[in-house]
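Tertiary structure, described
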Amino acid sequence: MQRTRPSWLALLDEGATSMWERWEGWDADGLPYESHNDFSKGAVITFLHRHVAGIRPVVDGTGYRRFEISPSLGGGLSSAKGRLETPHGEIISSWTLAGGIFRIRIVVPAGTTYKLTMPDG
């Protein structure tokens, strides 16, 4: 939830639509520092998929034919939505937490199976 550097929200506040190689995106003359599409910081999407949205593969080589939905709550978040395109179709996990009530909406591709693990708390 931090909006000052270094943070993901600071990048968004500065107009980023991708992950920048440096937290400082522009120099004093308005020229970009290095890449504005950096994979190493972009790898954070794995954390967002697997922990915030909770979309986790079963490690058996099936390419998400079997998977788990297990969102992790915390960090001040009250909602999240994640989408993941797999070889079998799109998986969507969308949740909200309001007034102590947790609600989740899941979309799974045909022919797949999943296990839902509700978050603690």
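Our subject in this report is the structure included herewith. (Residues numbered from 1 in each chain as written. Predicted model: local features only at pLDDT ≥ 70, side-chain atom pairs only at ≥ 80, totals over all residues. Heavy atoms only, no water.)

1. Let's talk about the sheet that holds strand β4 (residues 89-98)
Here is the rule: Here, a strand pair is defined by DSSP locating no fewer than two bridges between the strands. Every helix listed is a DSSP run of H or I at least four residues long, and every strand listed is a run of E at least two residues long, numbered separately from the N terminus. A fitted line through C-alpha atoms represents every axis, and for helices the fit uses only the stretch in contact; the resulting angles, taken between N-to-C directions, go from 0 to 180 degrees.
Taken in spatial order, the three strands make up an open sheet running β3-β4-β5, and their pairing is antiparallel. If you trace the sheet from one side to the other, it starts and ends with β3 (79-86) and β5 (101-107), each paired once. Ignoring which end each strand starts from, the neighbouring axes of this sheet average 10 degrees apart.

2. Some words on helix α3 (residues 44-52)
The test is simple: Partly exposed residues are those whose accessible area sits between 20% and 50% of the maximum for their type, while under 20% is buried and over 50% is exposed, using a 1.4 Å probe and protein chains only. Note that the arc is defined by the directions from the helix axis to the C-beta atoms.
Along α3, the positions that sit buried rather than exposed are Val44, His49 and Val52. With its buried residues spanning 145 degrees around the axis, α3 presents them on a single face. Gly54 occupies a position one or two residues after α3 and carries a positive phi of about 85 degrees.

3. Quick look at the sheet that holds strand β1 (residues 55-57)
Pairing within the open sheet is mixed, and its three strands lie in the order β1-β2-β6. Bordering the open sheet on either side are β1 and β6 (113-116), each of which pairs with just one other strand. Between one strand and the next, the sheet's axes are offset by a mean angle of 30 degrees, whatever the strand orientation. Bridge analysis of β1 against strand β2 (residues 66-69) gives three bridges, and the strand direction is antiparallel. Pairing of Ile55 across the sheet is with Ile69, part of β2.

4. Observations concerning the packing of aromatic side chains
Which entries qualify depends on this criterion: Paired rings are identified among Phe, Tyr and Trp, the last through its six-membered ring, by centres lying within 6.5 Å, and are further divided according to the angle between planes into stacked (under 30 degrees), edge-to-face (over 60) and tilted (the rest). Only when the NZ atom of a Lys or the CZ atom of an Arg is both within 6 Å of the ring centre and within 35 degrees of the ring normal do we say a charge sits over the ring.
By the definition in use, this model includes four aromatic pairs. Between the aromatic rings of Phe67 and Tyr114, the centroid separation amounts to 5.9 Å while the plane-to-plane angle is 15 degrees, which identifies the pairing as stacked. A residue pair is termed long-range when its members are at least 10 positions apart, and Phe67 in strand β2 and Tyr114 in strand β6 qualify at 47 residues. With relative accessibility at 1%, the residue Phe67 sits in the buried group. Residue placement shows Arg22 over the ring face of Tyr33; its charged tip is 3.9 Å from the ring centre.

5. Topic: the side chain of His49
The condition is simple: Residues count as neighbours in contact if any of their non-hydrogen atoms are within 4.5 Å of one another.
Mapped onto the elements of the fold, His49 is located in helix α3. The contacts of His49, once residues within four sequence positions are left out, are Gly54, Ile55, Arg83 and Leu84.

6. Quick word on the pattern of salt bridges
Cut-off, in case you're wondering: In what follows, salt bridge is the name for a side-chain nitrogen of Lys or Arg lying within 4 Å of a carboxyl oxygen of Asp or Glu.
Counted according to the given criterion, the structure contains six salt bridges. For Asp13, the salt bridge identified is with Arg3, shortest N-O distance 2.7 Å. With Asp13 in helix α1 (residues 8-13) and Arg3 in the segment before α1, this residue pair connects regions lying 10 residues apart in the sequence. In this structure, the salt-bridge partner of Glu90 is Arg83, at a minimum N-O distance of 3.9 Å. The partly exposed category is assigned to Glu90, whose relative accessible area is 31%. Residue class for Arg83 comes out partly exposed when judged on its relative accessible area of 48%. The network of salt bridges with shared partners includes Arg22, Glu24 and Glu34.

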